[in-house]
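Structural description and commentary
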Amino acid sequence: MKNYFSSNFKLGVLGGGQLGRMLLAETQKFDIHTSILDADSNAPCAQICNEFHQGDLLDYDTVYNFGKQVDLLTIEIENVNIDALDTLEAEGLTIYPKPKNLRTIQNKAHQKVFYHDKGIPTADFSRFTSLEELKHSIHNEAISFPFVWKSARFGYDGNGVKIVKSIHDLNNLPSGECIAEKLVPFKNELAVIVARNAKGETKTYPVVEMEFHPEANQVEYVICPARIEAHVAQKAREVALKVADTFGFVGLLAVEMFQTEDDQILVNEVAPRTHNSGHYSIEASYTNQFEQHLRSILNLPLGNTDSKVTGIMVNLVGAEGYTGEVVYENIEEILKINGVTPHIYGKRTTKPFRKMGHVTIVNEDINEARKIAQQVKETIKVIAK
């Protein structure tokens, strides 16, 4: 077996945000030399990785030249230059997730077509090359309201998604490629993280339930385990495994789904990396998602995905009306509560709805954990000086 630990092996990571920062805690635990590429010289990873390279993740030459300096390449964000990855892979560099998977996943229209073609349950949709083409279809009554508009590229954290109830809701949306998706009445938004290594060994984390902020369309709470019936949880895990196996995926794949009113499981979208829905695992699981990501891309035995205890995650996002040097108001108050652990992402500047950190609540009792999560949410405020 290749020696990754306390050796000359170099792991390259495209992206230096908070996901990379939490991954670095695990590479440091294993003493794996880690090199990061990010456009921002003040990225959360910049000061704590072994090597930091500043550069544009969408620029071919930058990504290619970075890849030539590492032994294995992975990502913490999917919006990277895939052409450069294709070239590096052809030249023999091991890249996980595979570039062909990233090419499909980073475009939501391609992702939806993939599900449709492979018999993976998903909401009905139509794809359009432009916003004008979508408007033309509405005018000709080929599409009816309401529906969910999604930008094919560069959507994240509620950006690039909008529920459209009238033609006026399309005003000020980006003009590029998009999809119109049937609005699905659902009971719950669920997620399952699948780990899969190159040997084909797979493990799923327990199904989590996501509660969203109504205005920002960002996840406010992630609850593990999801408060759903066992047969629904089993179905969700099976669908997630099918998605990972159909992709031939290597790495960590977060599969977001809807549980419909009649308990069908529909895949919404996937993230080919560690994910917000798995942050609870740092405190609550035997093997957290960041360690598991390393195990999967390095083709090591996968760790135990069971939870030791109920875990709930609360996102810490910048409060509305505040932009500037960040202050975490009342953080001392939440630290007084048993089972509460804050994670601060190292972003010095806050702005409305920017992800600045998260808090994990662990408790033997899921209802008590949910109450404490609410208390934490209402107590800590991310404001500016």
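I will try to describe carefully the structure that is included in this document. (Residues numbered from 1 in each chain as written. Predicted model: local features only at pLDDT ≥ 70, side-chain atom pairs only at ≥ 80, totals over all residues. Heavy atoms only, no water.)

Attention shifts here to the pairing of strand S1 (residues 10-14). Burial within S1 is extensive, with four of its five residues counted as buried. In this sheet, strand S2 (residues 33-38) lies alongside S1 in parallel orientation, the contact comprising five bridges. Residue pairing across strands places Leu11 opposite Thr34, the latter belonging to S2. Where S1 and strand S4 (residues 72-75) come together, four bridges link them in parallel fashion. Bridging from a neighbouring strand, Val13 pairs with Thr74 of S4. (Buried < 20%, exposed > 50% of the residue type's maximum accessible area, 1.4 Å probe, protein only. Helix = DSSP H or I, 4+ residues; strand = E, 2+ residues; numbered from the N terminus. Pairing = 2+ DSSP bridges.)

The strand order across the open sheet built from four strands is S6-S9-S7-S8, with neighbouring strands paired in antiparallel fashion. In this open sheet, the two edge strands, each paired with only one partner strand, are strand S6 (125-128) and strand S8 (161-164). When strand polarity is set aside, the average angle formed by the axes of neighbouring strands in this sheet is 20°. As judged from the four bridges shared by S6 and strand S9 (residues 178-182), these two strands associate in the antiparallel manner. From the neighbouring strand, Phe128 faces S9, where its bridge partner is Cys178. (Axes fitted to C-alpha atoms, helices over the stretch in contact; angles between N-to-C directions.)

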